[in-house]
Structures are given as structure tokens and as C-alpha cells.
Amino acid sequence: MKYLSTTRLRAACALLLVWALPLAPALAQTTPAWQSALAPTQTTAAGTAVTKATAVDAASGAVFVTGSFTGQVAFGGTVLTSLGSDDVFVARYEPATATWAWASRAGGSSGSDTGQGIATDGTNVYVTGSFTSSAGFFAGQPAAVTLNGTGSE
């Protein structure tokens, strides 16, 4: 008797799968509508930026980005100038107004400094990354600090 109920259960599950499988590709191919796609702009021919990570503040909808840049790059009206071969950038984008609220750079005068990860808890922004020489991080910010590297990432 127990064998019969197990067999019926398996048959019902198999029938459900046969019914649901044709729907799976249609559901998997549903893509959200893009509102916008943008990047920091170059202000000189030598300026480049690479975004490595993003985070969204669930309460405000603000988008935080981090990565590395060389030369000069602009986030709205804020122009950042690299001091070394690569410096870190962190910026806040406001989707509701389609504007960059602020941007900040970090890094030393030599070596490669890169923002690799970013997170926010709604009040603070946390950035992870790497640096290869002494690097002054986010000078002028409330918690400015200088880190000393050993010359390798």
C-alpha cells in the first residue's frame, strides 16, 4: 500500500514538471526595462575609469559605485584627478534626479590603487580594494586615514 502512494506522488510530480517546463524559458527570458545606463565621463584624452562594484541604498534608491581611474574623470560637476597610475573613486548617483550627488578619490602618488567592492547600510558607505604604495585615502573626509603598503597587492 505504501508503495502505491509513493508511485502516485512521483507520477504527480513528473506530470507537474512536464507541464511547467515549457513555461520556464519564457519566464527566464523576461528582462527588466532599462531606465538608464551611464558611466563617468572623460575630461581629457588620457582619462579612463573602470567601475568594479555597485551598491544600492534600499531606503533612498541611491546607487554607490567604486573602481579605479587614471587622468581626469567627471561625475556630474565633480572632476577627479588621479595622482598615481590608478586611483580609487567612490561616487553616489541619484536615479530620481539622474544626477551625481558627489564623488571622491583616494590613492597615493605612485602605485596602483583600486576600489574592488562597496556596500552601504543607509548611513555609511564601506569600500574594499587594494593599493601598492602609501596611499592617502579620501583626504578631507571625516575619517581620512593614510595606509602604508608594502609594494604589492
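Quick caveat, the model's predicted, so the values are computed rather than measured.

Enquirer: It is not clear to me how the side chain of Thr 66 should be interpreted in this structure. Could you clarify?
Expert: Tracing the sequence through the fold places Thr 66 in strand β3 (residues 63–70). The residues touching Thr 66, leaving out its near neighbours within four places in the chain, are Val 50, Thr 51, Lys 52, Ala 53, Val 88, Phe 89, Val 90, Gly 115, Gln 116, Gly 117, Ile 118 and Val 127.

Enquirer: What is the right way to look at the confidence of the model for the protein chain in this model?
Expert: The predicted coordinates ought not to be read in detail in places where the model reports low pLDDT. Averaged over every residue, the pLDDT of the protein chain is 73; the share at 70 or more is 56%. Throughout residues 13–21 the model reports pLDDT below 50, and contacts reaching past four residues in sequence, or to other chains, amount to zero contacts.

Enquirer: Would you mind showing me how to read the environment of Thr 123 here?
Expert: Here Thr 123 lies in the loop between β8 (114–120) and β9 (125–130). In this structure, the C-alpha to C-alpha distance between Thr 123 and Asp 57, residues 66 residues apart in sequence, is 9.0 Å.

Enquirer: Whenever I open this one, the packing of aromatic side chains confuses me. Can you help?
Expert: Each aromatic ring pair is summarised here by two numbers: the centre-to-centre distance and the angle between the ring planes. In this structure the tally under the stated criterion is five aromatic pairs. Here Phe 64 and Trp 102 contribute two aromatic rings whose centre-to-centre distance is 6.1 Å and whose plane-to-plane angle is 50°, an arrangement assigned as tilted. Residue Phe 64 is found in strand β3, and its partner Trp 102 is found in strand β7 (residues 99–106); the two are separated by 38 residues along the sequence. A residue is classified by how much of its surface remains accessible, and Trp 102, at 33% relative accessible area, is partly exposed. Three or more aromatic residues link up through ring pairs in this structure, and these residues are Phe 69, Phe 75, Phe 89, Tyr 93 and Trp 100.

Enquirer: Just to check I follow, could you spell out the environment of Ser 85 for this structure?
Expert: Within the secondary structure, Ser 85 is located in the loop between β5 (78–81) and β6 (87–94). Its relative accessible area of 42% is what places Ser 85 among the partly exposed residues. A sequence separation of 23 residues divides Ser 85 from Gly 108, and the C-alpha atoms of the two residues are 9.1 Å apart. Apart from residues lying up to four places away in sequence, Ser 85 is in contact with Phe 69, Thr 70, Gly 111 and Ser 112.

Enquirer: It is not clear to me how the pairing of strand β2 (residues 48–56) should be interpreted in this structure. Could you clarify?
Expert: Regular strands place their side chains on alternate faces of the sheet. In this structure, β2 lies alongside β3, joined through eight bridges in antiparallel fashion. In the sheet register, Val 56 faces β3, and the bridge partner there is Val 63. Here β2 folds back onto β3, and the loop between the two strands holds six residues, one of which, Gly 61, carries a positive phi near 85°.

Enquirer: Would you mind showing me how to read the sheet that holds β3 here?
Expert: One key point about sheets: their strands pair by backbone hydrogen bonds, in either a parallel or an antiparallel sense. Taken together, four strands build an open sheet; the order of strands is β2-β3-β6-β7 and the sheet is antiparallel. For this open sheet the edge positions go to β2 and β7, each flanked by a neighbour on one side alone. On average, each strand axis in the sheet is inclined to that of its neighbour by 20°, with strand direction left out of account.

Enquirer: Got a minute to help me understand the environment of Ser 109 in this structure?
Expert: Within the secondary structure, Ser 109 is located in the loop between β7 and β8. With near-sequence residues (within four places) excluded, Ser 109 lies in contact with Leu 83 and Gly 84.

Enquirer: Honestly, the nonpolar core in this entry has me stumped. Any pointers?
Expert: Among soluble globular proteins, nonpolar side chains are generally buried collectively. The biggest cluster of nonpolar side chains holds 10 residues, and these are Val 65, Phe 69, Val 73, Phe 75, Leu 80, Phe 89, Ala 91, Tyr 93, Trp 100 and Ala 103. Every element with two or more residues in this core is listed here: β3, β4 (72–75), β6 and β7. With three residues, the top contributor of residues to this core is β6. With near-sequence residues (within four places) excluded, Val 65 lies in contact with Thr 51, Ala 53, Thr 54, Phe 89, Val 90, Ala 91, Trp 100 and Ile 118. Core analysis: the next-biggest nonpolar cluster, separate from the first, contains eight residues, Ala 62, Val 88, Val 90 and Ala 106 among them.

Basis of the calculations
Residues numbered from 1 in each chain as written. Predicted model: local features only at pLDDT ≥ 70, side-chain atom pairs only at ≥ 80, totals over all residues. Heavy atoms only, no water. Helix = DSSP H or I, 4+ residues; strand = E, 2+ residues; numbered from the N terminus. Contact = heavy atoms within 4.5 Å. pLDDT = per-residue confidence, 0-100. Phe/Tyr/Trp six-rings, centres within 6.5 Å; stacked < 30°, edge-to-face > 60°. Buried < 20%, exposed > 50% of the residue type's maximum accessible area, 1.4 Å probe, protein only. Pairing = 2+ DSSP bridges. Axes fitted to C-alpha atoms, helices over the stretch in contact; angles between N-to-C directions. Core = buried A, V, L, I, M, F, W, Y, C linked by side-chain atoms within 4.5 Å.

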